[in-house]
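Breakdown of the fold
Here's the letter readout for the chains.
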Amino acid sequence: MKKELDKAIVKENEMAKRHSHKAEDGCVLTEQPDIEMMYDLAELFKVFGDSTRIRILAALLEREMCVYHLSEALEMGQSAISHQLRVLRTAGLVKATRRGKEMVYTLDDDHVRTIFDQGLEHIMHRLGGVM
């Protein structure tokens, strides 16, 4: 992904050479986002690009759950759920707490709920409020 971002920057620089009006006209950003921060953001959004992970997050929006209950709710195997939970944990979207012999999973913080809700709101807006 970093290579893609670097190629995009080169392309933008080439386009800037052919640009026909002045920066004072308001078309140039005064503060560019940090490229590493944009790379990290792209990686975060990749995690949201899998429907199984989205389904897990949706379930965890409702309540904390163990792998067994997630697998039952989503009608999937426990190993598949565990694999996706590992991805979500690595991304900092989900956290685990040991309760006796099992691990219970919850959303890591309220930012996850906000990102999820904003995504749904965007989809509803695009569909004209119909869901």
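Being a predicted model, the structure only gives us computed values, none of them experimental. (Residues numbered from 1 in each chain as written. Predicted model: local features only at pLDDT ≥ 70, side-chain atom pairs only at ≥ 80, totals over all residues. Heavy atoms only, no water.)

Once that is clear, we can look at the nonpolar core. Ile56, Leu57, Leu60, Leu70 and Leu85 are the most contacted members of the largest nonpolar core, which totals 20 residues. Looking at this core, the elements with two or more residues in it are helix H3 (51-62), helix H4 (67-74), helix H5 (78-90), strand S3 (102-107) and helix H6 (110-126). It is H3 that provides the largest number of residues to this core, a total of 5 residues. Setting aside residues up to four positions removed in sequence, isoleucine 56 forms contacts with Leu70, Leu74, Ile81, Gln84, Leu85 and Leu88. (Core = buried A, V, L, I, M, F, W, Y, C linked by side-chain atoms within 4.5 Å. Buried < 20%, exposed > 50% of the residue type's maximum accessible area, 1.4 Å probe, protein only. Helix = DSSP H or I, 4+ residues; strand = E, 2+ residues; numbered from the N terminus. Contact = heavy atoms within 4.5 Å.)

Okay, the side chain of threonine 106 next. Structurally, threonine 106 is set in strand S3. What makes threonine 106 buried here is its relative accessible area of 18%.

For the structure shown, the criterion picks out 2 salt bridges. With a closest N to O distance of 3.0 Å, lysine 46 and glutamate 43 form a salt bridge. Taken together, the residues span about one helical turn, with lysine 46 and glutamate 43 both in helix H2 (residues 35-47) at a distance of 3 residues. Residue lysine 46 is classed as partly exposed on the basis of its relative accessible area, which comes to 41%. Linking arginine 99 and glutamate 64 is a salt bridge whose minimum nitrogen-to-oxygen distance equals 2.4 Å. Here glutamate 64 lies in the loop between H3 and strand S1 (65-66) and arginine 99 lies in strand S2 (residues 94-99), a separation of 35 residues in the sequence. A relative accessible area of 44% means that arginine 99 is categorised as partly exposed. (Salt bridge = Lys/Arg side-chain N within 4 Å of Asp/Glu carboxyl O.)

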